[in-house]
Amino acid sequence: MNGWRRVLRTKPAEEIVAEGGQGEGGELRRTMTLTQLTLFSVGATLGTGIFVILGEATPLAGPAVVSAFVLAAVTALFSALSYAELAGTIPISGSSYSYAYATLGELVAWVAGWCLILEYAVSVSAVAVGWGQYLNEFLRQVAGVVIPEALAGPPGSGGVVNVPAVVVVALATSLLLRGASESATANVIMVFVKVGVLLFFCVVAFSAFDTGNLTPFAPMGAAGISAAGAKVFFSYIGFDAASTAGEESRNPRRDLPLAILLSLAIVTVVYVLVALSAVGAMPWQRLAGSEASLAQVLTETTGAAWPSAVLSAGAVIAIFSVVLTVMYGQTRILFAMSRDGLIPRIFQRVSPRRQVPAANTLIVAAFIALLAGLVPLGRLADATSIGTLFAFAVVNAGVVVLRRTKPGLRRSFRTPLYPLTPILGVVFCLFLMSRLDSATWLTFLAWAAFGLLVYFGYGFRHSRLARGAR
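Residues numbered from 1 in each chain as written. Predicted model: local features only at pLDDT ≥ 70, side-chain atom pairs only at ≥ 80, totals over all residues. Heavy atoms only, no water.

**Section: helix H7 (residues 96-103)**
Reasoning step 1: Along H7, 8 of the 8 residues are buried, which leaves the element largely enclosed by surrounding structure.
Reasoning step 2: Taken together, the buried positions of H7 are Ser96, Tyr97, Ser98, Tyr99, Ala100, Tyr101, Ala102 and Thr103.
Reasoning step 3: The positive-phi residue at the C-terminal boundary of H7 is glycine 105, with phi of around 105 degrees. (Buried < 20%, exposed > 50% of the residue type's maximum accessible area, 1.4 Å probe, protein only. Helix = DSSP H or I, 4+ residues; strand = E, 2+ residues; numbered from the N terminus.)

Next comes the structure, spelled out in C-alpha cells:
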C-alpha cells in the first residue's frame, strides 16, 4: 500500500465503536452515570486555571480579564458543541484522537493524540505545580510553617524539585489504580467542596467590591483582552474529559454530549463570578504575578487569616481533583492509541482484578511527576494551551468531514447552526493560537516535530489499520 495513502487512511467509525472497552487481558467496566461524567469534566476543568492563572492573566488585560474569560469560553463553546456531536457519534475513550482517526486520517489522528499529551499529561504537571503553592499557603495560615523553597519549586523558580507536585501525582495514581468507579465517586465529593469554596470566595470578595477598581476597564485594549484570553484558555482545558470516559459510561451516546455541555456551562459561570469579584475587590495591579491570587484577595480585603485558610484548603482539594481526572483522561487516550498499534501494547493492558490499565497509569504518573517536579508552571501552561487549541481545531474540522463522508451515521447530538459553528470553532482556535508568544510556538513546533519522528519510527510500522490492509 502506498505510504502516503497509509498515513491518510481513516478508520471506520463503526469499527472504532465496536472495539469500545476492549483491551489486552480484559475489558474496561461501564459504571459512570451522567452526574459522574458531568462532574468528571467539572473536576478536570475547575482548578488551577482560576486559582493560579488569574494572577498571570490580569496584568495582560487589567479588569477586562473578565472579558478574557468570556472570550475563552466562547472559543471553548464552539469546540464543546463539536465535541458533543462526535462524542455522541463515536463514544470511545480516544477523544479527539479517535475522532480524527475516523475523519481526517491516521497522521492527523496521531498529531491530535500527540497534542493531547500536551493537553492532559503536561497540564496535569502544571496543575500539580499550582497545588504546591496553595498547600504552602494553607500550611502558613494554619500552622505557621512553610515547605522549604528548595523543595517547593522547580529549577528556574527558586527551587531544586517541587516535592508537593510529585506527592499529589502519587496520591492521584493510587486512587486511579483502585478503579474508575472509586475515582469518579471521590471526584464528585471534591467537586462539591471546591465549588462551595469558590462561592464562599465570591461572597467575601463581593462584600468589598469597589467599582473604582474596574476603571479603566480595559487599559490594554482589545489586544490585551485577546492576549489574556489565550492565557486563560488554560482554565477551560478539561471540559472534554467526559469524552475520554466513553468506554466506561453506562449510556455514552446520551450522556457524553450532555456532560460536556453542562460542565462547560458550570465552569464558565463560576469563572466569570470569581474573576469579577476578584478585580472588583482589589486593584488589579496587586494581583499581578501572584500564584495564590485568590488567597491574597481574601487576606487583603478582610484583614483576617481564616478566609484565606479556608480558600487555600479548598484549592488543595480542587487541584487534587484536577490531577485525578486529567490523569484518568490521559491514560484512556493512550489506551485507545495503543489498541490501534500506534504506541506499545503495554498501554492497553487491563488489570483483570481492577479493570483499569494499571501499567499505563504508572507510566503516565512517572512522566507527569518528572515534569511537575522540574518544570516551571508558566511555560507548562502556555505549551498546554497551544496543544489543546490545535486538538480542538481538529475536532471542529472533524465534524464537517464526518457530516460529508458519513451523513447517515447515527448521531445522538447535532451541532447547531452547522456548518457555521464548527467553522467558527476552527477560526477562534487559530486566533487564540496566534496570540501566544513565539517561545510557546517554538515549544509546540518542536513537540510536533518530535511526535512525527516517533510516529514514523514506531506508529507507522505498527499501525493495526495499515497492517490489516496489506
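**With respect to the pattern of salt bridges**
As a working rule, side chains carrying opposite charge can pair if their charged atoms are close by.
Reasoning step 1: What the rule picks out here adds up to 12 salt bridges.
Reasoning step 2: Two residues, lysine 231 and glutamate 56, come together in a salt bridge whose shortest N-O distance is 3.9 Å. Placement of lysine 231 in helix H12 (residues 221-232) and of glutamate 56 in helix H5 (residues 53-61) is noted, with a sequence separation of 175 residues between them. The same class applies to lysine 231 and to glutamate 56, which are both buried.
Reasoning step 3: Glutamate 85 is the partner of arginine 403 in a salt bridge, and the nearest nitrogen-oxygen pair spans 2.9 Å. A residue pair is termed long-range when its members are at least 10 positions apart, and arginine 403 in helix H17 (residues 377-405) and glutamate 85 in helix H6 (residues 65-89) qualify at 318 residues.
Reasoning step 4: Here the salt bridges share partners, and the residues they tie into one network are Lys11, Glu19, Glu247, Arg339, Asp340 and Arg464. (Salt bridge = Lys/Arg side-chain N within 4 Å of Asp/Glu carboxyl O.)

**A word on the packing of aromatic side chains**
Reasoning step 1: Taken as a whole and judged by the stated rule, the model has 21 aromatic pairs.
Reasoning step 2: Residues tyrosine 83 and phenylalanine 392 carry aromatic rings whose centres are separated by 5.4 Å and whose planes lie at 80 degrees to one another, so their mutual orientation is edge-to-face. Of this pair, tyrosine 83 sits in helix H6 while phenylalanine 392 is found in helix H17, placing the two residues 309 residues apart along the sequence. For the pair formed by tyrosine 83 and phenylalanine 392, the shared burial category is buried. (Phe/Tyr/Trp six-rings, centres within 6.5 Å; stacked < 30°, edge-to-face > 60°.)

**Structural notes on a nonpolar patch on the surface**
Reasoning step 1: A surface patch of nonpolar side chains, about 290 Å² in accessible area, is lined by Leu151, Val163, Val167 and Leu171.
Reasoning step 2: With 3 residues, the single largest contributor to the nonpolar patch is helix H10 (residues 163-176).
Reasoning step 3: Position of valine 167 among the secondary structure elements: in helix H10.
Reasoning step 4: Using a relative accessible area of 38% as the deciding quantity, one classes valine 167 as partly exposed. (Patch = residues over 30% accessible without salt bridge, like charges linked within 9 Å, V, L, I, M, F, W, Y side chains within 5 Å. Areas by Shrake-Rupley, 256 points an atom, 1.4 Å probe, with all protein chains shown as cover.)

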